[in-house]
Amino acid sequence: MNYDDIKSNVLTTKLESAINWGRKNSLWPMPFGTACCGIEFMAVLASRTDISRFGAEAIRFSPRQSDLLIVAGRISIKMMPVLIRIYEQMPEPKWVISMGACASSGGVFDTYSVIQGIDQFIPVDVYVPGCPPRPEGVVESLMKIQNLIDKEKLSDYALSSSK
Amino acid sequence: MLLEQTLSQMKERFPDIVLDMTEFAGEQILHVKSQHILTVLTALKADGYNFLADLTAIDNLTLGGYERFAVAYHLLCHKTAERLTVKAYVPEEKASLPSVESLWKTADWQEREVFDLFGIIFEGHPNLIRIMNPDDYEGHPLRKDYPRLGRKERDNFPVIERGIQKKKRPE
């Protein structure tokens, strides 16, 4: 094998970059749709905005096979324990998008039964404003998640697992 | 025709039970005492009001009325397409009245809903448990004296921390 063959067939990179590159381009979302945002999320999957362009079209309805939780809709006090359980069932590393006004802040539902923002109880990475957000907004949030994944440090994981 | 006949006889048939008869927006309303609701509704069902279209409750705390709560039964006769509303008045101290689940199976879940949100007990109901709120919920939120923002139940959940991704997120 001569040098020219190697040059055109071998790519040198950091292991971290390679892993992050793989992760960010094959996100498996778990949609937690409880209201109209869940309906709008279907449009994100459909042909016009099509998130398979970002490698995130493998929608899993099992949290154990997903690494991106998309909370779409208002979360009631009866649903919150379910959301917490689903979040905890997802394998790490995992990311969370809070889609729409209700998931992010309770929206117009300032009542006894609606959680005023899921970030009070579970970690959220990206918030999408809107009621409901346009599909483009969700695509933007997905790209923001990809940027976050790009900046993940493998050393953080190694340190925490050795503890 | 059925409606006129029924309403004209109602006061004579149940003089101690029927409190009043009124009309509002074209709807006939029969106001009755709650202890004998089963007698009244059994008679009305036999008269032809075969369908229980809705069962709900009203809190008269600020409205005034015979009693604090009114349980409203919306009846429909399929033959003549006539409707009748029966309001049974329930006092606050003893918020209970007989269940009509034996007459209409649909009353099962509707009575559970009224129980959940208003705290009215339906005697003889086969399975009177909460239907909408969580099982461990305290209080009855559609009562007018229940605070709109609740009693901190929406703030009372465990806070889940990040796992191995603990480091602060880059902006």
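What counts, and at which threshold
- Residues numbered from 1 in each chain as written.
- Chains lettered and ligands numbered in written order.
- Predicted model: local features only at pLDDT ≥ 70, side-chain atom pairs only at ≥ 80, totals over all residues.
- Helix = DSSP H or I, 4+ residues; strand = E, 2+ residues; numbered from the N terminus.
- Rg over C-alpha atoms; globule rule 2.2 N^0.38 Å.
- Buried ≥ 20, exposed ≤ 12 C-beta atoms within 10 Å, placed from the backbone.
- Contact = placed C-beta atoms within 7 Å.
- Arc of directions from axis to C-beta.
- Pairing = 2+ DSSP bridges.
- Axes fitted to C-alpha atoms, helices over the stretch in contact; angles between N-to-C directions.
- Nonpolar A, V, L, I, M, F, W, Y, C, P; charged D, E, K, R; others polar.
- Parallel < 35°, antiparallel > 145°, perpendicular 65-115°, else oblique.
- Left-handed = near helix turned anticlockwise from the far one by under 90°.
- Expected span 1.5 Å × (residues − 1).

Asks: Can you explain the overall build of chain B? Please cite residues and give values.
Replies: Check the secondary structure of chain B and you find three helices and seven strands. Counting helices and strands in the order they occur from the N terminus, chain B gives α-β-β-α-β-β-β-β-α-β. What you see for chain B is a C-alpha radius of gyration of 21 Å, clearly larger than the 16 Å of a compact globule of 171 residues, by over 25%. Going through the 171 residues of chain B one by one, you find that 25% of them count as buried. Relative to all contacts within chain B whose residues are 6 or more apart in sequence, the contacts with residues 24 or more apart total 54%.

Asks: Now, about the overall build of chain A: what can you tell me, with residues and values included?
Replies: Regarding its fold elements, chain A presents seven helices and four strands. The secondary structure elements of chain A, listed N-terminal to C-terminal, are α-α-β-α-β-α-β-α-β-α-α. If you line up chain A on its principal axes, its C-alpha atoms span 70 × 45 × 25 Å. Out of the 163 residues in chain A, the part that is buried amounts to 35%. Taking all contacts inside chain A whose residues are at least 6 apart in sequence as the whole, residues at least 24 apart take part in 79%.

Asks: For helix α2 (residues 37-47) of chain B, give the residues involved together with the corresponding values.
Replies: Residue and element names in this part refer to chain B. Taken together, the buried positions of α2 are I37, V40, L41 and L44. Along the axis of α2, the buried positions cluster into a sector of 90 degrees, meaning they face one direction only. Check the buried side of α2 and you find it contacts α1 (2-13), β2 (27-33), β4 (69-77), β5 (82-90) and β6 (96-98).

Asks: Could you give an account of unusual backbone geometry, with specific residues and numbers?
Replies: Peptide bonds are, in most cases, trans, and in most cases residues other than glycine have a negative phi. Going from E92 of chain A to P93 of chain A, the amide bond is cis rather than trans, its omega being 0 degrees. Cis geometry is adopted by the peptide bond preceding P132 of chain A, which originates at C131 of chain A and carries an omega value of -10 degrees. Residue placement: P132 of chain A occurs in the loop between β4 (126-128) and α6 (135-150). A positive phi angle, near 55 degrees, is found at A81 of chain B, a position not held by glycine. Looking at the element boundaries, A81 of chain B is found in the loop between β4 and β5. The backbone of K152 of chain B shows a phi angle near 70 degrees, a positive value even though the residue is not glycine. Summarising the element assignment, K152 of chain B is placed in the segment after β7 (121-123).

Asks: I'd love a proper account of the sheet that holds strand β3 (residues 51-59) of chain B, names of residues and values included.
Replies: Residue and element names in this part refer to chain B. Reading across from one edge, β1-β2-β5-β4-β3 is the order of the five strands in this open sheet, with mixed pairing throughout. Edge strands, defined here as strands with exactly one partner in the open sheet, are β1 (18-24) and β3. Averaged over all neighbouring strand pairs, the angle between strand axes comes to 20 degrees, with direction disregarded. By the bridge criterion, eight bridges tie β3 to β4 in an arrangement that is antiparallel. Bridging across to β4, T56 finds its partner in A72. Lying over the sheet, α1 contacts β1, β2, β4 and β5, oriented at roughly 150 degrees with respect to β1. Sheet contacts for α2: β2, β4 and β5; angle to β5, the most-contacted strand, approximately 170 degrees.

Asks: Any details on the interface of chain A and chain B? Residues and values, ideally.
Replies: Taken together, the contact pairs 25 residues of chain A with 20 residues of chain B. In terms of residue class, the side of chain A that touches chain B is made up of 13 nonpolar, five polar and seven charged.

Asks: I'd like to hear about the packing of helix α2 (residues 15-24) of chain A against α6 of chain A, residue by residue, with values.
Replies: All names here are of chain A. Where α2 contacts α6, the two axes come as close as 9 Å, and the packing angle between them is 160 degrees. Our classification of the angle between α2 and α6 gives roughly antiparallel. Between α2 and α6 lies a crossing of right-handed hand. Residues N20, R23 and K24 of α2 pack against Q146, I149 and D150 of α6. When its residues are assigned to classes, the contact of α2 with α6 shows one nonpolar, two polar and three charged.

Asks: I'd like a rundown of the sheet that holds strand β1 (residues 29-33) of chain A, residues and numbers included.
Replies: Residues and elements named next belong to chain A. The strand order across the open sheet built from four strands is β1-β2-β3-β4, with neighbouring strands paired in parallel fashion. Two strands bound the open sheet, and with one partner strand each, they are β1 and β4. If you compare each strand with its neighbour and ignore which way they point, the axes differ by 15 degrees on average. As paired strands, strand β2 (residues 68-72) and strand β3 (residues 95-99) are joined by five bridges and run parallel to one another. Bridge assignment links I70 to a residue of β3, and that residue is I97. The strands that helix α3 (residues 36-45) touches are β1, β2 and β3; relative to β1, the one it contacts most, it runs at about 145 degrees.

Asks: Please provide a residue-by-residue account of helix α3 (residues 107-118) of chain B, values included.
Replies: All names here are of chain B. The end-to-end C-alpha separation of α3 is 15 Å, in line with the 16 Å expected for 12 residues at 1.5 Å each. On its buried face, α3 is in contact with β3, β4 and β7. Looking at the residues trailing α3, positive phi occurs at G119, about 75 degrees.

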